[in-house]
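Chain by chain, the residues:
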Amino acid sequence: MTRFPPPVRPCRIPACLMRGGTSKGLFFLEQDLPDDPDLRDRLLIRAVGSPDPYRQHMDGLGGATSSTSKVVLVGPSTHPGCDVNYRFGAVAVDRAVIDWSGNCGNLSAAVAPFALHRGLVRVPRDGVAVVRIWQADIRKVIVAHIPVADGAVVEDGDFQLDGVAFPGAEIRLDFLDPAGDGEALFPTGHRRDTLSVAGLGNVDATLINAGNPTVFVHADTLGLTGTELQRDVNGQPKLLARAEALRAAAAVAMGLAPTADEATRNRPHTPKLAYVAAPAPYVASDGRQIVAGEVDLLVRIFSMGPLHHAMTGTGAVAIAVAAAIPGTLVHEVARVNAGGRVCFGHPSGTLTAGADAQIDAAGNWVIRQVSMSRSARRLMDGQVFIPAV
C-alpha cells in the first residue's frame, strides 16, 4: 500500500503524454521527480487524477481505464549494455495505489522515442535507431528499433495496429529472455496446475512468467466463449469478481502475494488473467468480421479489473511463449505457425507475435526473445500542474 508523506505545496513537473501501442500514459524523466518514493508516488497519483470515486479522472490526465491510467519513468541507464532505464507504474483509478510490479508492453514502444526526444540517446541522421532499454521493474532488456529521418523520430507511417484508430510508423520490439529459464518460466514447476477458487471450484490453468506473470484458463471456465468484447463482460460485476478471485488465487500459487486479499488490494497489475479458446468467427469492436481461419486462437485478457479493449503487450509475449511450449493450456488450443509465430484474435482485431523458444542441455525451455510490432507518438509535451496534495 502506498504510504503518503506530509502535504506538499502545488507544483508543476515536465511531462509528455504519449501513446504506445494500445495504451497511453504520462512520461517523466526520473530527474524531474522527487527521490523519496512515497512523495513521488503521491505526486504521480494526483497527476493522473486518482483516487476518483466517480471513475472519470475528471481532475487529472488519466483516462479512467487500465489502458490510460499509467505512468512511465525514464532515465540514463545504470545497467551495463543498455541505453536507458525504464520503470512502469499502473495507477488504480479509484484507489491511491501504484503497482510497480510489472511492465507495460504497449508503452514499451514509446520509451525509446521519448528517450530520443529528451536527448538521452543520440539520434542517427537517417535509418533506424536501435535503443536498448533496461526494464528495471522486471529486470529485463527490451530492444526497440525506431525509424528516424533527418535526425528526428518518425511518427507518421502506414502501420495499422488493431485497437488504434490511426496508422503510424512501425516500431519493432524485441523482448530479450522475457521468461528466464527452467522453473522461473513456470513458477510452480508445472505447465498445468489446478487452482481451487471460491465460486469456480477446481480450475485448470497454466501459470507462466513471460513478459509479465500471467495465468491462462479456458474461456468456458468463466462461462465465456472467447469471442467477447468489453461490453459483454465489464457490465457483469459477479463475473468480474470471479475473474479477480481466480487471478488472486493464481498470484498466491505463483508466490507473488501471501494471500488472495493482499493480491487484490495491493497487486492489481500482476499477474494478468487471460482466457483462451479455439478459433471462431466474431465481430471486432470496430465492426470488422474476424474470420476463424485467419487466427490461431482467441485470447481475452483482464487488466486492473476489467476486460482489456485489445491486448496488453506483455500479454502478447506470454501468449507467444506459452503457445510455443507443449503441455501448456495455450499450446493445446493454438495452431502454432512455423517459426514460433502465433496470430491471435482479441476484442479489437488480431495481433501476431513470435517466440524464439529452445530446449537447453538440461531439458529446460529457454526463450531467447519475443518480437512484435507496435507504433507510438507524442500526444502532448509540457508541464503537469499538481495541486497541494
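1. Examining the overall build of the protein chain
Here comes step 1: Looking only at helices and strands, the protein chain has 7 helices and 20 strands in total.
Here comes step 2: Taken over the C-alpha trace, the protein chain has a radius of gyration of 20 Å; the compact-globule value for 389 residues is 21 Å, and the two agree within 12%.
Here comes step 3: The C-alpha extent of the protein chain, read off along each of the three principal axes, is 50 × 45 × 45 Å.
Here comes step 4: The buried share of the protein chain, reckoned over its 389 residues, is 56%.
Here comes step 5: Partitioning the contacts of the protein chain with sequence separation of at least 6, the portion at a separation of at least 24 is 65%.
Here comes step 6: Surface summary for the protein chain: the accessible area is close to 15400 Å², and the carbon and sulfur share equals 51%.

2. Regarding the layout of surface pockets
Here comes step 1: Looking at the largest pocket, its volume works out to about 650 Å³.
Here comes step 2: Taken together, 32 residues line the largest pocket, and the ones lying closest to its centre are Arg55, Ser66, Ser303, Met304 and Pro306.
Here comes step 3: Listed by contribution, the elements that provide at least two residues to the lining of the largest pocket are strand 2 (23–29) and helix 4 (237–253).
Here comes step 4: For the lining of the largest pocket, a count of residues per class yields 12 nonpolar, 13 polar and 7 charged.

3. Some points on helix 1 (residues 37–48)
Here comes step 1: With 12 residues, helix 1 ought to run about 16 Å at 1.5 Å a step, and its terminal C-alpha atoms sit 16 Å apart, in line with that.
Here comes step 2: Within helix 1, 9 of the 12 residues are buried, which leaves it mostly tucked inside the rest of the structure.
Here comes step 3: Every buried residue of helix 1 is listed here: Leu39, Arg40, Asp41, Arg42, Leu43, Leu44, Ile45, Ala47 and Val48.
Here comes step 4: Where helix 1 is buried, its residues contact strand 1 (11–20), strand 2, strand 3 (70–76), strand 4 (84–91), strand 5 (98–99) and strand 20 (376–386).
Here comes step 5: The residue sitting at the N-terminus of helix 1 and contributing the capping side-chain oxygen is Asp36; that oxygen lies 2.9 Å from the backbone nitrogen of Asp38.
Here comes step 6: Looking at the residues trailing helix 1, positive phi occurs at Gly49, about 110°.

4. Some points on the nonpolar core
Here comes step 1: Phe27, Tyr86, Ile133, Ile208, Phe216, Leu297 and Val321 are the most contacted members of the largest nonpolar core, which totals 72 residues.
Here comes step 2: Broken down by element, the residue count for this core peaks at 8 residues, all from helix 6 (residues 313–324).
Here comes step 3: Each residue touching Val321, except ones within four places of it in the same chain, is listed here: Leu185, Ile208, Ala210, Ala355, Ile367 and Val370.
Here comes step 4: Counting residues in hydrophobic clusters, the runner-up holds 29 residues, among them Val217, Leu222, Ala249 and Ala250.

5. Describing unusual backbone geometry
Here comes step 1: With an omega of -5°, the peptide bond running from Ser50 to Pro51 counts as cis.
Here comes step 2: Checked against the element boundaries, Pro51 lands in the loop between helix 1 and strand 3.
Here comes step 3: Despite not being glycine, Arg139 shows a phi value in the positive range, around 55°.
Here comes step 4: Notably, Met304 is not glycine yet its phi reads approximately 55°, a positive angle.
Here comes step 5: Looking at the secondary structure, you find Met304 in the loop between strand 16 (297–302) and helix 6.

6. Description of the packing of aromatic side chains
Here comes step 1: Taken as a whole and judged by the stated rule, the model has 2 aromatic pairs.
Here comes step 2: Look at Phe27 and Phe114: their rings are 5.5 Å apart centre to centre, the planes differ by 50°, and that puts the pair in the tilted class. Of this pair, Phe27 sits in strand 2 while Phe114 sits in helix 2 (residues 108–117), and the two are 87 residues apart along the sequence. Of the two residues, Phe27 and Phe114, neither departs from the other in class, the shared state being buried.
Here comes step 3: Both rings, one in Tyr275 and one in Phe302, keep their centres 6.0 Å apart while their planes meet at 45°; by these two values the pair is tilted. One end of the pair, Tyr275, is in strand 13 (residues 272–277); the other, Phe302, is in strand 16, with 27 residues separating them in the sequence.

7. A word on the pairing of strand 9 (residues 171–176)
Here comes step 1: Examined bridge by bridge, strand 7 (residues 140–149) and strand 9 share 5 bridges and lie antiparallel to one another. Each bridged residue has a counterpart across the sheet, and for Ala144 the counterpart in strand 9 is Leu173.
Here comes step 2: As defined by bridge partners, strand 9 adjoins strand 19 (residues 365–374) across 6 bridges and the pair is classed as antiparallel. For Arg172, the partnering residue across the bridge sits in strand 19 and is Ser373.

8. Some thoughts on helix 6
Here comes step 1: Between its terminal C-alpha atoms helix 6 stretches 17 Å, which fits the 16 Å expected from 12 residues at 1.5 Å a residue.
Here comes step 2: Among the 12 residues of helix 6, 12 are classified as buried, and the element is accordingly described as predominantly covered.
Here comes step 3: Taken residue by residue, helix 6 has Gly313, Thr314, Gly315, Ala316, Val317, Ala318, Ile319, Ala320, Val321, Ala322, Ala323 and Ala324 as its buried positions.

9. Observations concerning the environment of Ala115
Here comes step 1: One can find Ala115 in helix 2.
Here comes step 2: Given a relative accessible area of 0%, Ala115 falls into the buried group.
Here comes step 3: C-alpha separation for the pair Ala115 and Val74, spaced 41 residues apart in sequence, amounts to 7.2 Å.

10. Side note on the pairing of strand 17 (residues 341–346)
Here comes step 1: Extensive coverage of strand 17 is indicated by the burial of 5 of its 6 residues.
Here comes step 2: Alignment of strand 16 against strand 17, held across 2 bridges, turns out to be parallel. Bridge assignment links Leu298 to a residue of strand 17, and that residue is Gly345.
Here comes step 3: Pairing of strand 17 with strand 18 (residues 349–359), which is carried by 6 bridges, proceeds in the antiparallel orientation.

Reading the values: rules and limits
Residues numbered from 1 in each chain as written. Predicted model: local features only at pLDDT ≥ 70, side-chain atom pairs only at ≥ 80, totals over all residues. Heavy atoms only, no water. Helix = DSSP H or I, 4+ residues; strand = E, 2+ residues; numbered from the N terminus. Rg over C-alpha atoms; globule rule 2.2 N^0.38 Å. Buried < 20%, exposed > 50% of the residue type's maximum accessible area, 1.4 Å probe, protein only. Contact = heavy atoms within 4.5 Å. Areas by Shrake-Rupley, 256 points an atom, 1.4 Å probe, with all protein chains shown as cover. 1 Å grid on protein atoms, 1.4 Å probe; cavity = no way out; pocket = protein on both sides within 12 Å on 5 of 7 lines; lining within 4 Å. Points joined across faces, edges and corners; volume = space filled by probe spheres on them. Nonpolar A, V, L, I, M, F, W, Y, C, P; charged D, E, K, R; others polar. Expected span 1.5 Å × (residues − 1). Polar contact = N/O pair within 3.5 Å; in protein donor to acceptor, adjacent residues only side chain to side chain. Core = buried A, V, L, I, M, F, W, Y, C linked by side-chain atoms within 4.5 Å. Phe/Tyr/Trp six-rings, centres within 6.5 Å; stacked < 30°, edge-to-face > 60°. Pairing = 2+ DSSP bridges.

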